[in-house]
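# Fold and contact review
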Amino acid sequence: MVQGTTSDAGKTTLVAALCRLLAQEGIKVVPFKPQNMALNSAVTADGGEIGRAQALQAVAAGLQPHTDMNPILLKPSSDTGAQVIIHGKARSDMNARDYHAYKPVAMQAVLESYQRLKTQYESVLVEGAGSPAEVNLRARDIANMGFAEAVDCPVILVADIDRGGVFAHIIGTLACLSESERKRTVGFVINRFRGDISLLEPGLKWLEEQTGKPVLAVLPYLHGLFLDAEDAVETTQAARGAFRVVVPVPPRISNHTDFDALRAHPDVDLQLVGPGQPIPPADLIILPGSKNTRGDLDWLIANGWREALLRHARYGGKIIGICGGYQMLGMTVADPHGVEGAPGVSQGLGLLDIATELTREKRLEQVSGTCAFADADVNGYEIHMGTSEGAARSNPAFMIDGRAEGARSGDDHVLGTYLHGLFDTPSACSALLRWAGLDSDVTVDTAQLREASLQRLADAVRPLLAALRALPDYRA
């Protein structure tokens, strides 16, 4: 099991790299994360929903994503509440205190999935969540040492040296663990190192003397990796083109991996705009998915986006809404059952003649079809609770398995769709950008970029695999 001293220490990428290395040796390996809290998710082959990170790790292992790889997924809808997804299906919405009490039930689902994977695979590589040093969450823990103790699993601890304070992170984490938890921690990985390794070696020696445990590997900082983010919004872009695409970043943005292909496009200048930031000029504005459509709609209005969007549309600018963003573009968003908060109806942005009603049932499906406005294929996935109907639906965005999907405005300046991942198909990405006004022959193949990055990552992590195999049995 890979655990981290902090969030974003490198747990996800380490498990992905080890999955790739073992799979290349012909070992049947599978990734597993007992509990994930993230708004980036993926639809599995068995019709469920898991964290995006586990879908990436499945690709690394040469597998189709499956709900057993991430049996518990928490999708925050507020600062204190989240939708609880078990074995790929939404069960209920809980506040933090109620979920803490529910953890023994969740643990049973975790152990069921783990046992099923153990019977099917030679190696199960487990990823922790956050940090095991969160002593306030020790009771009923199912995400880190609580799971490791339950299944008697050895642990390696990864720390990010680029953040600073790496030795304090490791020593402090161990100090927060119980004696049995410290014993099962077999060594450390220092991640994202750049510089002269000889200057680090005295610190490594000190760390090993202080803890009695080995530093298994010091991994380099790898720039320019193209890998799906688990949750944090990635704002960097290697190169910026002339075509300006602007995306607001509301508090409950979901599946912002939709924009990875645009981030990698050399002709696109992708700008993600958070609270308090000025809204820049744009050729195309995209409203992203949301786990709380009405709440994020209020945020957009409070931050001046309604006026900016209406002005952008008035002067001929193009607008795309994805999932929750599609719902916001309509006339109203109704939540009669309190699916995402207090029941009620919100006035939409009025840019598409549709009305949305949020429903208790969640649609989860991998889909494929064609663009309704161009001769281009599209592949994607749907994750949403709600239906949208209205006159604009007679002018669809896509044709999916013989049915009309999404909507376009009468002047064809506004497009809405429930499809996530719509830019990942090179032909659809080119068609959508051409619809928005970019005339470019450049295509971006996200699958190819992801594969190249996974291999580059695996090559860098190869010394760690050798070090793990050289360890004596951790129980000795």
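Description of the structure in this document. (Residues numbered from 1 in each chain as written. Predicted model: local features only at pLDDT ≥ 70, side-chain atom pairs only at ≥ 80, totals over all residues. Heavy atoms only, no water.)

## Topic: the nonpolar core
Quick note on the threshold: Side-chain atoms within 4.5 Å are what join buried Ala, Val, Leu, Ile, Met, Phe, Trp, Tyr and Cys residues into a set we call a nonpolar core. Under the scheme applied here, a residue whose accessible area is under 20% of the maximum for its type counts as buried, over 50% as exposed, and between as partly exposed, the area being computed with a 1.4 Å probe on protein chains only. Runs of H or I in DSSP of at least four residues are treated as helices and runs of E of at least two as strands, each being numbered from the N terminus.
Core analysis: the largest hydrophobic core is formed by 59 residues, its most contacted members being Val245, Leu262, Ile286, Ile320, Phe398 and Phe423. Among the elements that make up this core, the one with the highest residue count is helix α12 (residues 426-436) (seven residues).

## What about the state of the cysteines?
The line we're drawing: A pair of sulfur atoms, both from cysteines and within 2.5 Å, is called a disulfide here.
Taken as a whole and assessed by the stated rule, the structure comprises zero disulfides. With no disulfide of its own, cysteine 323 lies 18 Å from the sulfur of cysteine 371, the closest cysteine sulfur. The exposure class of cysteine 323 is buried, given its relative accessible area of 5%. The structure places no disulfide on cysteine 429, whose sulfur is separated from the nearest cysteine sulfur, that of cysteine 371, by 10 Å.

## What to know about the sheet that holds strand β11 (residues 185-193)
Keep this limit in mind: Each pair of strands is called paired provided DSSP finds at least two bridges between the two strands. Every axis corresponds to a line fitted to the C-alpha atoms, with the helix fit spanning only the stretch in contact, and the corresponding angles, defined between N-to-C directions, vary from 0 to 180 degrees. Between two residues, a contact is recorded if the distance between any of their heavy atoms is within 4.5 Å.
An order of β1-β10-β11-β12 is seen for the four strands of this open sheet, with the pairing classed as parallel. Taken across any chain shown, the strands that pair with only one partner, and hence form the sheet edges, are β1 (2-4) and β12 (215-220). Looking at each pair of strands side by side, their axes are set apart by 25° on average, direction ignored. Examined bridge by bridge, β1 and strand β10 (residues 155-160) share three bridges and lie parallel to one another. Each residue of the ladder has a partner; that of valine 2, found in β10, is isoleucine 156. Helix α1 (residues 11-24) rests against β1, β10, β11 and β12 of the sheet, and its axis sits at about 160° to β1. Packing against the sheet, helix α13 (residues 446-469) makes contact with β10, β11 and β12, and its axis sits at approximately 175° to β12.

## What about the pairing of strand β22 (residues 363-371)?
As paired elements, β22 and strand β23 (residues 377-384) share eight bridges and run antiparallel to each other. The partner of valine 367 across the bridge, within β23, is glycine 380. Counting the residues in the hairpin turn of β22 and β23 gives five residues. Relative to strand β25 (residues 398-400), β22 is paired through three bridges, and the arrangement is antiparallel. Each residue of the ladder has a partner; that of threonine 370, found in β25, is methionine 399.

## Focus on the sheet that holds strand β24 (residues 387-389)
Strand order across the open sheet formed by four strands is β20-β19-β21-β24, with mixed pairing between neighbours. Each edge of the open sheet is held by one strand with a lone partner, namely β20 (344-347) and β24. Neighbouring strand axes in the sheet, compared pairwise and without regard to direction, differ in orientation by 15° on average. Relative to β20, strand β19 (residues 332-335) runs antiparallel, the two being bridged by four bridges. If you follow alanine 334 over to β20, its bridge partner there is valine 345.

## Quick look at helix α10 (residues 305-314)
Here is the rule: Summarising the geometry, the arc corresponds to the directions from the helix axis toward the C-beta atoms.
Residues of α10 that are buried: Trp305, Ala308, Leu309, His312 and Ala313. Along the axis of α10, the buried residues cluster in a sector spanning 125°; they form a single face. If you follow the buried residues of α10, they end up packed against β13 (243-248), β15 (268-273), β16 (284-287), α9 (293-302) and β18 (318-322).

## Structural notes on the packing of aromatic side chains
In plain terms, the rule: By convention, a stacked pair of Phe, Tyr or Trp rings (six-membered ring in the case of Trp) has centres within 6.5 Å and planes under 30 degrees apart, an edge-to-face pair has planes over 60 apart, and any other such pair is tilted.
Within this structure, the stated rule accounts for eight aromatic pairs. For the pair tyrosine 326 and tyrosine 418, a centre-to-centre distance of 5.0 Å together with 75° between the ring planes defines the contact as edge-to-face. Of this pair, tyrosine 326 sits in helix α11 (residues 324-328) while tyrosine 418 sits in the loop between β28 (414-417) and α12, and the two are 92 residues apart along the sequence. Tyrosine 418 shares its class with tyrosine 326; the two are buried. Ring plane angle 50° and centroid distance 6.3 Å describe the contact between phenylalanine 373 and tryptophan 435, whose orientation is recorded as tilted. Of this pair, phenylalanine 373 sits in the loop between β22 and β23 while tryptophan 435 is found in helix α12, placing the two residues 62 residues apart along the sequence. Both residues of the pair, phenylalanine 373 and tryptophan 435, count as buried. Feature note: the residues Phe32, Tyr114 and Phe147 constitute an aromatic cluster, connected by ring pairs.

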